[in-house]
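Architecture and fold: a report
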Amino acid sequence: MGKIILTGDRPTGRLHIGHYVGSLRRRVELQNSGKFDEIYIMIADAQALTDNADNPEKVRENIIEVALDYLSAGLDPGKSHLFIQSQISELTELDFFYQNLVTVQRLQRNPTVKAEIQMRGFSDSDDNRTGTPVGFFCYPISQAADITAFKATTVPVGEDQEPMIEQTREIVRKFNSTYGPVLVEPEIMLPDNSACMRLPGTDGKAKMSKSLGNCIYLSDSAEEVARKVKGMFTDPGHLQVSDPGKVEGNTVFTYLDAFCRPEHFDKFGDCFVGRKASFEFHSLDEVKEQYRKGGLGDVMIKNFLTAVLNDTLEPIRARRHELEKDIPYVYAVLKEGTEAARKAASQTLAEVKAAMKINYFDKGVLDELIRKQSEKFSQAGQ
Ligand code: TRP
């Protein structure tokens, strides 16, 4: 059996550096590792509509933004199929059949859905302007359809998606034990360092999110990155440069944990040369040690972080600017990726329907049905 990746994002905004360290960077590495037979990267517009039903324009706008972010971050349409979820109707068919394999109670216990309902402030009321849309409540089932349609073995996602993968695995086991072994149980692939698990916002809040205005976007200019880093929260107890500082829970250090590489100390060492004090660091551990002791100011650390971030983001920005000049190409990539994805999904759907014995008109099946049913009625008539 081959190794297959399926993953994706909701197109509700441009992608930020939380997406990048949480999953996008990993996808590009996996894509280039040559270890996977097929890679499907999905723009989950139908899932985005589950809580944006009245805002289709926003979803449509962001499809191209996310596609630009994907391509500029290094996803290569020669190696990965980039596709649009809503254009694969097979996914909704699978979703419909899987709905019978999941209980309402199980969905109600899903921690991610629970947290997201709370975050969006959906009420308990049956008022259709404030209550929870059914489609939103059920999206873990639709996500199981997304994953299983491609027989994905590997789903590289952030930690918040863990309950979705668990739900998918349960559906696969239930399906296979009920109807026969058709579906593949996927494995989650989490980021490999804890800072990347969930990058906090620039304000230190647990999650980077557009509505909180605490994101650094992949497409931000170098100046915007510098400005946002300047405004970041550090250790509130670190008032004087000479005071000892805290590294744990200090967002600037969390970002450095996620982005800093050994070569950055050679490249950007002059960030630590100042009028009053200068340092020569060779590793992030040395920086942290000095910060804990005191004497290392937030301004120096922030200048270093800005340089480190821009070092990663600069090539991504440059590619984005090129791609923005060729929007027809970006749509052509999505169209081609969508056609490839549909082929794979329709193969799985055919197997699913056969296993469920709802493939009445398939070749050979109809003849057999006619023969059996005719026999039954002719016997009954005798
Ligand atoms: N839920 C994911 C997100 O919010 C998007 C998504 C939809 C997805 N279907 C998926 C991710 C299947 C992985 C696999 O970003």
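Residues numbered from 1 in each chain as written. Predicted model: local features only at pLDDT ≥ 70, side-chain atom pairs only at ≥ 80, totals over all residues. Heavy atoms only, no water.

**A few points about the overall build of the chain**
A count of helical and extended segments in the chain gives 17 helices and five strands. The principal-axis extent of the C-alpha atoms belonging to the chain is close to 105 × 45 × 35 Å. Burial statistics for the chain: of 382 residues in total, 49% are counted as buried. With an accessible surface of roughly 19,400 Å², the chain has 52% of that area assigned to carbon and sulfur atoms. Here the chain contributes 48 positive and 56 negative side-chain charges, whose respective centroids are spaced 2 Å apart. (Helix = DSSP H or I, 4+ residues; strand = E, 2+ residues; numbered from the N terminus. Buried < 20%, exposed > 50% of the residue type's maximum accessible area, 1.4 Å probe, protein only. Areas by Shrake-Rupley, 256 points an atom, 1.4 Å probe, with all protein chains shown as cover. Lys, Arg positive; Asp, Glu negative; His and termini not counted. Charge placed at Lys NZ, Arg CZ, Asp CG, Glu CD.)

**A word on the environment of Phe 281**
Here Phe 281 lies in the loop between helix H13 (263–267) and helix H14 (284–293). Accessibility expressed as a relative area gives 7% for Phe 281, which makes it buried. Setting aside chain neighbours within four positions, we find Phe 281 in contact with Phe 265, Phe 272, Glu 286, Val 287, Gln 290 and Leu 296. (Contact = heavy atoms within 4.5 Å.)

**Topic: the environment of Glu 185**
With respect to the helices, strands and loops of the structure, Glu 185 is situated in the loop between helix H9 (162–179) and strand E5 (187–189). What makes Glu 185 partly exposed here is its relative accessible area of 30%. For Glu 185 and Ile 171, which are 14 residues apart along the polypeptide, the C-alpha to C-alpha distance reads 8.9 Å. Those residues in contact with Glu 185 that lie beyond four places of it in its chain are Arg 169, Val 172 and Arg 173. Among the polar contacts made by the side chain of Glu 185, one reaches the side chain of Arg 173 at a distance of 2.8 Å. (Polar contact = N/O pair within 3.5 Å; in protein donor to acceptor, adjacent residues only side chain to side chain.)

**Looking at the pairing of strand E2 (residues 38–43)**
Burial analysis of E2 places five of its six residues in the buried class, the great majority of the element. Handedness of the crossover joining strand E1 (residues 4–9) and E2 through helix H1 (residues 17–33): right-handed. Bridge analysis of E2 against strand E3 (residues 81–84) gives four bridges, and the strand direction is parallel. Within the sheet, the bridge partner assigned to Tyr 40 lies in E3 and is His 81. (Right-handed = clockwise from strand over helix to strand, strands pointing away. Pairing = 2+ DSSP bridges.)

**Overview of the nonpolar core**
Ranked by internal contacts, the top residues of the largest apolar core, which has 65 residues, are Ile 17 and Leu 256. Here the element with the most residues in this core is helix H15 (residues 298–324); it accounts for ten residues. Leaving out residues up to four positions away in the same chain, Ile 17 has contacts with Leu 199, Met 208, Ile 216, Leu 218, Tyr 255, Phe 259, Leu 309 and Leu 313. Counting residues in each nonpolar core, the second largest holds 42 residues, with Leu 6, Phe 83, Ala 144 and Ala 145 among its members. (Core = buried A, V, L, I, M, F, W, Y, C linked by side-chain atoms within 4.5 Å.)

**Some details on helix H6 (residues 111–120)**
For H6, the set of buried residues is Thr 112, Val 113, Glu 116 and Ile 117. Buried positions in H6, seen along its axis, are confined to an arc of 135° and lie on one side of it. Turned more than 90 degrees off the buried face of H6, the exposed positions are Lys 114, Gln 118 and Met 119. With a side-chain oxygen positioned 3.0 Å from the backbone nitrogen of Thr 112, the residue opening H6 is Asn 110. Looking one or two residues beyond H6, the residue adopting positive phi is Gly 121, at roughly 70°. (Arc of directions from axis to C-beta.)

**Observations regarding the site of the ligand**
By nearness alone, 14 residues border the ligand, and Met 42, Gln 47, Gln 143, Asp 146 and Gln 161 come closest of all. Take Arg 10: an N or O atom from its side chain is 3.2 Å from an oxygen atom of the ligand. Here a nitrogen atom of the ligand and a side-chain polar atom of Gln 47 are 2.8 Å apart. Here the ligand has 370 Å² of accessible area as a free molecule, and 91% of this is covered by the chains. The set of elements that each furnish at least two residues to the shell around the ligand consists of E1 and helix H8 (139–149). (Near = heavy atom within 4 Å.)

**Brief notes about the pattern of salt bridges**
Throughout the structure, instances matching the rule amount to 31 salt bridges. The partner of Arg 106 in a salt bridge is Glu 170, and the shortest N-O contact between them spans 2.8 Å. Of this pair, Arg 106 sits in helix H5 (residues 104–108) while Glu 170 sits in helix H9, and the two are 64 residues apart along the sequence. A residue is classified by how much of its surface remains accessible, and Glu 170, at 28% relative accessible area, is partly exposed. Each of Glu 166, Arg 169, Arg 173, Glu 185 and Glu 187 takes part in a single network of salt bridges with overlapping partners. (Salt bridge = Lys/Arg side-chain N within 4 Å of Asp/Glu carboxyl O.)

**Looking at the packing of H1 against helix H12 (residues 251–259)**
At a closest axis distance of 11 Å, the pairing of H1 and H12 adopts a crossing angle of 30°. Handedness of the H1/H12 crossing: left-handed. Seen from H1, the contacting residues are Ile 17, Tyr 20, Val 21 and Arg 25; seen from H12, they are Tyr 255, Ala 258 and Phe 259. Partitioning the contact of H1 with H12 into residue classes produces six nonpolar, no polar and one charged. (Axes fitted to C-alpha atoms, helices over the stretch in contact; angles between N-to-C directions. Left-handed = near helix turned anticlockwise from the far one by under 90°. Nonpolar A, V, L, I, M, F, W, Y, C, P; charged D, E, K, R; others polar.)

**Points about the environment of Ala 195**
By secondary structure assignment, the location of Ala 195 is in helix H10 (residues 194–197). We classify Ala 195 as buried; its relative accessible area is 9%. Taking the C-alpha atoms as reference points, Ala 195 and Thr 251, separated by 56 residues in sequence, lie 9.8 Å from one another. Setting aside residues up to four positions removed in sequence, Ala 195 forms contacts with Thr 254, Asp 257 and Ala 258.

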